[in-house]
Amino acid sequence: MRLLTFIAKESRESYHRIILMATVSGLANGLLLAIVNHAAAKVAKGEDLTQFFLLYMIAFVLFLYGQWFSFAQAVVAIEDAIYNIRIRLTNKIRRVELPFIESIGSHSLYSRLTQNNAIMSQAIPQITSAVQVGILLVFSLLYLGYISPVSFVISILAVTGSIALFLSESRAIKDELQVVASKEAGYFALITHLIEGFKEIRLSQAKNDAILQHITNASQDTKNIRIEVGRQEVKMWGFGRIFIYALMPVLIFIIPSFHYENAADIFKISATLLFMAGPINILVNALPMFNRANIAINDLTFLEEEMDAAIPHEPADTRPVSFNFHKITLEGLCFTYPGKSNEALFSAGPFQETVHEGELLFIIGGNGSGKSTFLKLLTGLYYPTQGTIQVGTDRVDPANYQAYRELFTTVFTDFHLFDKIYGIKNLAKADVDYWLEKMHMQHKVKYQDGGFTSTSLSTGQRKRLALIAAILEEKPILILDEFAADQDPGFRKYFYETLLIELKTMGMTVIAVTHDDHYFHVADRVLKMDEGRMAAYERDDAGLKNKHEGSDNGN
Ligand SMILES: Nc1ncnc2c1ncn2[C@@H]1O[C@H](COP(=O)(O)OP(=O)(O)OP(=O)(O)O)[C@@H](O)[C@H]1O
């Protein structure tokens with residue numbers, strides 16, 4: 001059973017101890033049954049029952065303790081397993097490469113992680129009870145075998161047949177449950193559209209109605225499959241429940257007429273069968289949860305394999321892990337976005353560029369020309385499909401890519417403003433206050449408890465805070481992707497003519513994507529992207545004609 005293997009693998013709790021105690025409890029339960037049956041027979045003969053009573057009490061304590069221990073420990077084991085996989089996957093998410101996140105989609109990743117974990121948490125109590133009663137049923141069957149080998153054989157045949165039927169039914173259900181899981185992910189994506197596109201939807205009744213219709217259709221599909229799955233589960237459930245009542249007349253009315261059983265044994269057999277009815281109910285009720293939990297585990301396992309494939313396996317590096325940046329050279333650097341069948345969706349490069357320490361570099365170009373792609377390639381967020389990067393004379397390769405990435409701090413167009421300023425040790429409040437003032441944000445936001453007091457701000461203001469967090473990292477190279485696009489004209493002028501110059505004076509290298517041609521004169525160099533390549537750019541500000549050095553790369 002996939003779920004049990006999963007728990008055994010993921011949890012540090014002693015799996016064997018849990019099984020041992022569940023077995024003790026099952027054994028004690030079988031004993032209770034035997035004691036009650038035998039004591040009942042003795043009562044009829046008027047014999048002394050003290051011994052039976054003491055035995056009953058011992059078996060009862062063992063049964064109770066075994067149940068309690070195995071249940072309590074199983075809960076710990078399963079929660080431990082869920083915790084482990086959650087932490088491990090979180091750890092892997094932060095190590096995968098950006099193209100993986102871009103291709104899988106953050107919504108899908110989020111929904112798979114949360115939904116699967118939720119299913120597994122819900123499944124815990126039912127599955128734990130089911131395993132316990134499963135063991136208990138095994139002992140009840142063994143006891144049945146002790147009373148009547150014929151009844152035992154017939155029961156085993158019936159149980160085997162039921163298991164085979166269950167497995168074949170559950171295979172069909174499993175496929176449908178997989179479809180439900182992917183439909184649920186689709187529903188999640190649509191709800192995300194509804195929430196993230198709320199403004200647009202609220203302003204247009206037609207759009208509002210259309211998206212509702214789309215969600216209704218998708219939900220109707222899911223509902224129909226769920227109903228079908230439910231029907232099949234009810235069938236299995238019904239069969240499981242009547243199984244014991246179907247077996248009883250066979251063992252009590254039919255078999256004795258062919259095979260001699262004495263009256264006392266028939267009484268014991270019927271008592272045992274009745275005793276098994278409750279546990280069978282618990283087991284049958286838990287079966288749908290087994291299927292759901294197994295599917296959740298399969299999906300998490302698959303997700304983990306996908307992540308493993310997206311985590312670079314870096315060879316051990318013997319060289320120093322930090323770069324001393326004075327100059328970065330890109331030699332024939334290329335990158336291609338692969339499509340679903342590995343076709344090239346968009347290719348950028350080859351880039352033949354050099355970035356010098358302390359430079360203020362602007363990158364310009366039309367929409368979709370590849371500016372952001374170039375930045376991701378330059379910062380090491382994408383691995384080049386061809387070409388090399390060198391820092392000074394040190395070549396960047398998979399083994400020291402992370403060290404290379406550490407050279408950069410960024411504010412991309414889709415920047416994220418964290419609730420705290422993470423990753424900076426001993427951050428001085430005075431430094432944060434200095435930059436809050438520089439960004440004209442000192443009256444709006446304070447620095448407190450490792451973060452800004454508010455992030456509920458305008459887009460332009462949030463971007464200023466993101467820039468403060470980036471500057472405070474004190475990395476040698478600052479990457480800005482259309483930073484000024486959301487700034488008012490006054491701050492925009494201040495940004496280009498004062499802030500950027502101050503950052504440059506501090507020794508920072510700044511590479512900024514911009515469309516603000518009014519300020520191109522501020523840059524030391526301007527590179528122009530066109531259809532994924534660096535094209536020649538002629539500066540005409542202040543009468544300066546300067547064909548940038550990237551223009552000799554054959555474009
Ligand atoms: N994750 C991706 N997968 C596939 N193609 C992509 C991906 N990201 C970008 N592209 C494609 O790469 C091309 C360049 O995109 P890029 O974002 O680099 O352009 P850009 O110059 O920054 O544009 P803009 O000025 O509009 O921000 C586009 O045609 C785009 O469709």
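Keep in mind it's a predicted model, so treat the numbers as computed, not measured.

Q: Residues and numbers for the pairing of strand β2 (residues 344-356), please.
A: Taken together, the nine bridges between strand β1 (residues 327-338) and β2 define a ladder with antiparallel strand orientation. Its bridge partner lying in β2, lysine 327 is registered against histidine 356. Hairpin connection from β1 to β2: five residues lie between these consecutive antiparallel strands, with asparagine 342 at a positive phi of about 65°.

Q: Any details on the confidence of the model for the chain? Residues and values, ideally.
A: When pLDDT is averaged across the chain, the result is 85; 93% of the residues are at 70 or more. Every residue in residues 543-555 is under pLDDT 50, and counting partners more than four places away or in other chains gives 29 contacts.

Q: Which residues make up the sheet that holds strand β12 (residues 533-535), and what are the values?
A: With respect to topology, six strands assemble into an open sheet ordered β6-β9-β10-β3-β11-β12, the strand pairing being mixed. Two strands close off the open sheet at either side, each with one partner strand: β6 (408-411) and β12. Each strand axis lies, on average, 25° off the axis of its neighbour in the sheet, ignoring direction. Sheet topology places strand β3 (residues 360-365) next to strand β11 (residues 525-530); five bridges connect them, and they run parallel.

Q: Tell me what's going on with unusual backbone geometry, and back it up with residues and numbers.
A: With an omega dihedral of 5°, the bond running from glycine 349 to proline 350 counts as a cis peptide bond. One non-glycine residue, asparagine 426, lies in the positive phi region at around 50°. Turning to its location among the elements, asparagine 426 is positioned in the loop between β6 and α12 (429-438). The exposure class assigned to asparagine 426 is exposed, which follows from its relative accessible area of 79%. Non-glycine residue aspartate 449 carries a positive phi angle of around 50°. In this structure, aspartate 449 sits in the loop between β7 (447-448) and β8 (451-452).

Definitions and cut-offs
- Residues numbered from 1 in each chain as written.
- Predicted model: local features only at pLDDT ≥ 70, side-chain atom pairs only at ≥ 80, totals over all residues.
- Heavy atoms only, no water.
- Pairing = 2+ DSSP bridges.
- Helix = DSSP H or I, 4+ residues; strand = E, 2+ residues; numbered from the N terminus.
- pLDDT = per-residue confidence, 0-100.
- Contact = heavy atoms within 4.5 Å.
- Axes fitted to C-alpha atoms, helices over the stretch in contact; angles between N-to-C directions.
- Buried < 20%, exposed > 50% of the residue type's maximum accessible area, 1.4 Å probe, protein only.

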